Amino acid sequence: MGKVTLLTGMLKRYFIFVPVTDSMSARHFLVLFLSSFVLCWDMQTQLTGVLDDCFCDIESIDVFNNFKIFPKMRQLIERDYFRYYKVNLKRPCPFWPDDGHCSIKDCHVEPCPESKVPVGIKAGNYNKYSEAANKMKEMEDCVQANQLGAINSTLSNQTKEAFVDWARHDDAQDHFCELDDETSPNAEYVDLLLNPERYTGYKGSSAWRVWNSIYEENCFKPRSVYRPLNPLAPGRGGEDDAGEGFYKWLEGLCLEKRVFYRLISGLHTSINIHLCAQHLNIEVFGKAKWGPNVKEFQHRFIETKGEGTRRLKNLYFLFLIELRALSKVASYFERSIVDLYTGNSQEDAVTKELLLQVLNEAKAFPMHFDEKSMFAGHKMEAKSLKEEFRLHFKNISRIMDCVGCSKCRLWGKLQTQGLGTALKILFSEKEIKNLPENSPSKGFQLTRQEVVALLNAFARLSTSIKELHNFRNLIQNKR
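Keep in mind that what you see is a predicted model, and the values were worked out from it rather than measured.

## Brief notes about the state of the cysteines
- Across all of its chains, the model carries one disulfide by this definition.
- What pairs with C93 in a disulfide is C402, and their sulfur atoms sit 2.0 Å apart. Looking down the S-S bond of the C93 and C402 bridge, the torsion is 75°, so its handedness is right-handed. Linking C93 in the loop between β1 (84–88) and α5 (131–152) with C402 in the loop between α14 (379–399) and α15 (406–426), this pair joins segments that are 309 residues apart in sequence. An identical accessibility class is assigned to C93 and C402; each is buried.

Right, here's the structure in full:
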């Protein structure tokens, strides 16, 4: 009976997300649908149904992602605009003495020579999108400099420095991440396609300390909870090891704090899936070979007394949050002023068209998370909670500078910044609605780094959900 109900429900969703066209034969449609059904039914049937804190169900996300979004995202992140990311991997850890960088060869990140980076990307101002916007911004900067120069002639050096600090503080109010200084000599361009996220061998006390600090110190943990919030932490015995006792603390939190924990858990889950999917399985004649490691996946998500199902549901929840942000920010990119400028007009036109296709798919999804339910209480309390939420997440972005493996640090910083950008978008709805069509907006702006991080981070989540199907298939074939 359970399989029949699931089959019927999935059939309805399949018609919604993957409508049959004249070019699609009935046989082809049936093969695609039944393969999707088998993958959804296989491997722990608990990973089904409606997600907590929203009205969307897992089966709908599976079909939508794997047949609609994932293929387009894979094309998008291969475009020049999205493959080059400027990052400082040499920033010191601000919380504990640096352990030193990982000596494992696969931890190394190969920076991209600037000669290989498209001229439009390395132009120097990362808030610029198009040639027209460049010229307009230069004129605005010139006028502003003249005005400030006239005022500053009557100010002391100490007061001038205070104005600079205030301006920097105001600029940071919308940021959920500790951003790298892109003008730093230690900031380098990285070609993300040549430095893929995968298992490097980095583990042990250094990696454990990073995640433990994130969960223990930043996830609004109640004082009454003694077990570490990290789901991979060893238990202390007793009822908590069964999982249910541990999660009782979450039920008593307000929606905002519960969402925060689920976002971090979802990010952690996604990263773990990437490492399982691109695991160092064999090394022949000194040449490494990466691929799916079913045993490692089962250890992390199946042999967990039900804990793995919770983690995977948080991945889907995070996917919904970032998908919602993409739908909200669509109008920002639909403006003619935004060209995703690389210096190659033909490349830029194709990239923008592909991005708009992705954003239109995001807008068309019918079961979005409703962010208006957050911070909806008393105005002052809501404002205080929102600021606490922002600062906690910003702290987590700083912890990414404590990751010892350079490649892990690169992808940790990028995905954290991507999620931080998504949160910035969700909390800037009014500003986005009031954007001018043909000029930059002072009320809401995204830097190129934020755009690259946002789309690559979402692509990682989309890939994680796709990889889940691959693992289900591999497990089914082993039986």
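From this point, the discussion proceeds with the structure in view.
## Comments concerning the nonpolar core
- In this structure, I61, M73, L263, F333, F389, L410 and L455 are the most contacted members of the largest nonpolar core, which totals 115 residues.
- Apart from residues lying up to four places away in sequence, I61 is in contact with L51, C56, Y316, F319, L320, F365 and I465.
- Counting residues in each nonpolar core, the second largest holds five residues, with Y84, C112, V117 and I121 among its members.

## Topic: the environment of S428
- Tracing the chain through its elements places S428 in the loop between α15 and α16 (429–433).
- Between the C-alpha atoms of S428 and F444, which are 16 residues apart in sequence, the distance is 7.4 Å.
- Among the polar contacts made by the side chain of S428, one reaches the main-chain carbonyl oxygen of K424 at a distance of 2.6 Å.

## Considerations on the pattern of salt bridges
- In the structure shown here, the tally under the stated rule is 19 salt bridges.
- Linked through salt bridges whose partners overlap, the residues forming this network are R324, K328, E371, E429 and K433.

## A short note on α15
- The end-to-end C-alpha distance of α15, which contains 21 residues, comes to 30 Å, matching closely the 30 Å that a straight helix rising 1.5 Å per residue would cover.
- For α15, a buried count of 20 out of 21 residues is recorded, marking the element as mostly surrounded by other parts of the structure.

## Section: the UniProt feature "binding site: FAD" (unreviewed entry) in the chain
- Summarizing the sequence annotation, UniProt attributes the feature "binding site: FAD" (unreviewed entry) to R198, T200, W211, S265, H268 and R300 in the numbering used throughout.
- Topologically, W211 is positioned in helix α7 (residues 205–218).
- Exposure remark for W211: the relative accessible area of 16% places this residue in the buried category.
- Locating S265 in the fold gives a position in helix α9 (residues 255–277).
- On the accessibility criterion, S265 (1% relative accessible area) is buried.

## What to know about α9
- With 23 residues, α9 ought to run about 33 Å at 1.5 Å a step, and its terminal C-alpha atoms sit 32 Å apart, in line with that.
- The element α9 is extensively covered by neighbouring structure, given that 22 of its 23 residues are classed as buried.

## Remarks on the UniProt feature "active site" (unreviewed entry) in the chain
- Within this numbering scheme, the UniProt entry marks C405 and C408 as carrying the feature "active site" (unreviewed entry).
- Relative to the assigned elements, C405 resides in the loop between α14 and α15.
- The exposure class of C405 is buried, given its relative accessible area of 0%.
- Contact partners of C405, with chain neighbours within four places excluded, come to C102, C107, T200 and Y202.
- Along the chain, C408 turns up in helix α15.
- Its relative accessible area of 25% is what places C408 among the partly exposed residues.
- Ignoring anything within four residues of it in the chain, the contact list for C408 reads T200, Y202 and V403.

## A closer look at the packing of α7 against α14
- Closest axis-to-axis distance for the α7/α14 pair is 10 Å, and the angle between their directions is 165°. The angle between α7 and α14 places the two elements in the roughly antiparallel class. In terms of crossing hand, the pair formed by α7 and α14 is right-handed. For the pair α7 and α14, contact is made by V210, S213, I214, E217 and N218 and by H392, N395, I396 and I399, respectively.
- Each residue belonging to the contact of α7 with α14 can be placed in one class, and the counts come to four nonpolar, four polar and one charged.

## As for the packing of aromatic side chains
- What the rule picks out here adds up to 16 aromatic pairs.
- Plain terms: the ring middles of F64 and F365 are 4.6 Å apart, the flat faces sit at 50° to each other, and that makes the pair tilted. With F64 in helix α3 (residues 58–76) and F365 in the loop between α13 (345–364) and α14, the pair connects residues that are 301 residues apart, well separated along the chain.
- F64 sits in the buried class, given a relative accessible area of 2%.
- Overall, F365 belongs to the buried group, its relative accessible area being 3%.
- Taken together, a centroid distance of 4.3 Å and an interplanar angle of 5° make the contact between F297 and F471 stacked. Of this pair, F297 sits in helix α10 (residues 294–301) while F471 is found in helix α17 (residues 448–478), placing the two residues 174 residues apart along the sequence.
- For F297, a relative accessible area of 0% gives the class buried.

## Side note on the environment of T351
- Along the polypeptide, T351 turns up in helix α13.
- When its relative accessible area of 1% is taken as the criterion, T351 is described as buried.
- Spatially, the C-alpha atoms of T351 and R79 are 6.5 Å apart, while their sequence positions differ by 272 residues.
- Dropping the residues within four chain positions of it, T351 is found in contact with L76, R79, Y81, F82 and L340.

## Overview of the side chain of E467
- If you trace the backbone, E467 turns up in helix α17.
- Excluding its chain neighbours within four sequence positions, the residues that come into contact with E467 are I273 and A277.

## Here's the deal with the pairing of β1
- Buried residues dominate β1, accounting for five of its five residues.
- By the alternation rule, side chains of β1 split into Y84, K86 and N88 and Y85 and V87, which are all buried.
- Two elements, β1 and strand β2 (residues 187–191), share five bridges in a ladder whose sense is antiparallel. What sits directly across from Y85, in β2, is V190.

Calculation notes
- Residues numbered from 1 in each chain as written.
- Predicted model: local features only at pLDDT ≥ 70, side-chain atom pairs only at ≥ 80, totals over all residues.
- Heavy atoms only, no water.
- Disulfide = S-S within 2.5 Å.
- Helix = DSSP H or I, 4+ residues; strand = E, 2+ residues; numbered from the N terminus.
- Buried < 20%, exposed > 50% of the residue type's maximum accessible area, 1.4 Å probe, protein only.
- Core = buried A, V, L, I, M, F, W, Y, C linked by side-chain atoms within 4.5 Å.
- Contact = heavy atoms within 4.5 Å.
- Polar contact = N/O pair within 3.5 Å; in protein donor to acceptor, adjacent residues only side chain to side chain.
- Salt bridge = Lys/Arg side-chain N within 4 Å of Asp/Glu carboxyl O.
- Expected span 1.5 Å × (residues − 1).
- UniProt positions renumbered as here; feature names shortened; annotations may be inferred.
- Axes fitted to C-alpha atoms, helices over the stretch in contact; angles between N-to-C directions.
- Parallel < 35°, antiparallel > 145°, perpendicular 65-115°, else oblique.
- Left-handed = near helix turned anticlockwise from the far one by under 90°.
- Nonpolar A, V, L, I, M, F, W, Y, C, P; charged D, E, K, R; others polar.
- Phe/Tyr/Trp six-rings, centres within 6.5 Å; stacked < 30°, edge-to-face > 60°.
- Pairing = 2+ DSSP bridges.

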